[in-house]
Amino acid sequence: MISAAPPPVPARLTVGEHLEELRRRLGVSLLAVVVGASVSCAFADRLLAWLKRPADPYLARLAFFSPAEGLLAYFKVVLASGFVLAMPVVLSQAWAFIRPALTWRERASGIAFVWWGSLLFALGGAFAYTVCLPLFLKLLLTIGGGAFEPVISINHYLSFVTGMMVLCGITFELPLVVVMLTRLGVVSPAWLRRMRPLAWLTMLILAAVLTPTTDAVSLMVVTIPMTLLYEAGLVIARWFSRG
């Protein structure tokens, strides 16, 4: 039985052609974000109420301290929503940009990269919304045992909430990054196992820097998922290397 021959290798691009390709991919990604943000405009009020829900037990209302801050808050909400909706397009454009540098076997992972990347980002955002935000907001907004009344600007609140969700979304991409680097030959499962103690220490330090509170519970809430994601990526990478 004759196996299928690999497709012909495309000609190498010059630096100028690489930059032009990068500009085109960024343009498509930006257009997708704009389209997603435009669609989100119809649901801006619902999105804003949904983002405030984790703070509802501790914060009655949000405030704004400049005439344009309320408008900017809506703009920030629809822009963040547009970015989330455009994530499959953004990932597909990123893959299309690096695809010419890969072998024909590695290029077959494109659909999996886009699908798993989008899913993991959504799972990270959901983890932030359901676990991290309720815990952090409860600790931060109940400081003083009722002696203080929180008055938070809508801009600062949205920056905190959306930043936490995007950060967790990016963190949840860790297994995908580990697997892709392994498949591309940048790292090996054996090297990842040897670097495990350093990786755990790095994640602990990173969690301590990124966690908005100083208690051990919040630190573990961030550190343990990061460690599990690293281990999941290592297990999957070993499975691929054996195949």
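Structure: above.
Throughout what follows, the structure given in this document is the object of discussion.

About the thresholds
- Residues numbered from 1 in each chain as written.
- Predicted model: local features only at pLDDT ≥ 70, side-chain atom pairs only at ≥ 80, totals over all residues.
- Heavy atoms only, no water.
- Helix = DSSP H or I, 4+ residues; strand = E, 2+ residues; numbered from the N terminus.
- Core = buried A, V, L, I, M, F, W, Y, C linked by side-chain atoms within 4.5 Å.
- Buried < 20%, exposed > 50% of the residue type's maximum accessible area, 1.4 Å probe, protein only.
- Contact = heavy atoms within 4.5 Å.
- Salt bridge = Lys/Arg side-chain N within 4 Å of Asp/Glu carboxyl O.
- Axes fitted to C-alpha atoms, helices over the stretch in contact; angles between N-to-C directions.
- Parallel < 35°, antiparallel > 145°, perpendicular 65-115°, else oblique.
- Left-handed = near helix turned anticlockwise from the far one by under 90°.
- Nonpolar A, V, L, I, M, F, W, Y, C, P; charged D, E, K, R; others polar.

### Topic: the environment of A60
Within the secondary structure layout, A60 lies in the loop between helix 2 (44-52) and helix 3 (69-85). Sequence separation between A60 and V114 is 54 residues, and the spatial gap between their C-alpha atoms is 39 Å.

### Description of the nonpolar core
As a rule of thumb, soluble globular proteins bury nonpolar side chains together. Formed by 35 residues in total, the largest nonpolar core has its most connected members in C132, L133, L158, M164 and M165. Among the elements of the structure, helix 2, helix 3, helix 5 (110-141), helix 6 (154-171), helix 9 (196-210) and helix 10 (216-242) are those that each provide at least two residues to this core. In contact with M164, other than residues within four places in its own chain, are A128, C132, L133, F136 and P212. Within the second largest apolar cluster, 10 residues are counted, among which are M87, L91, W95 and M180.

### What to know about the pattern of salt bridges
Summed over all chains, the structure comprises 5 salt bridges. The structure contains a network of salt bridges with shared partners spanning E21, R24 and R25.

### A few points about the side chain of T227
Within the fold, T227 resides in helix 10. Beyond its immediate sequence surroundings of up to four residues, T227 is in contact with W200 and M203.

### A short note on the packing of helix 1 (residues 15-40) against helix 3
For the pair helix 1 and helix 3, the least separation of the axes is 7 Å and the interaxial angle reads 125°. Regarding the angle of helix 1 to helix 3, the classification is oblique. Pair helix 1 / helix 3 crosses with right-handed handedness. Between helix 1, through A32, V33, G36, A37 and S40, and helix 3, the contact on the second element is made entirely by V78, L79, S81, G82, F83 and L85. The residue inventory of the contact of helix 1 with helix 3, partitioned by class, reads 7 nonpolar, 4 polar and no charged.

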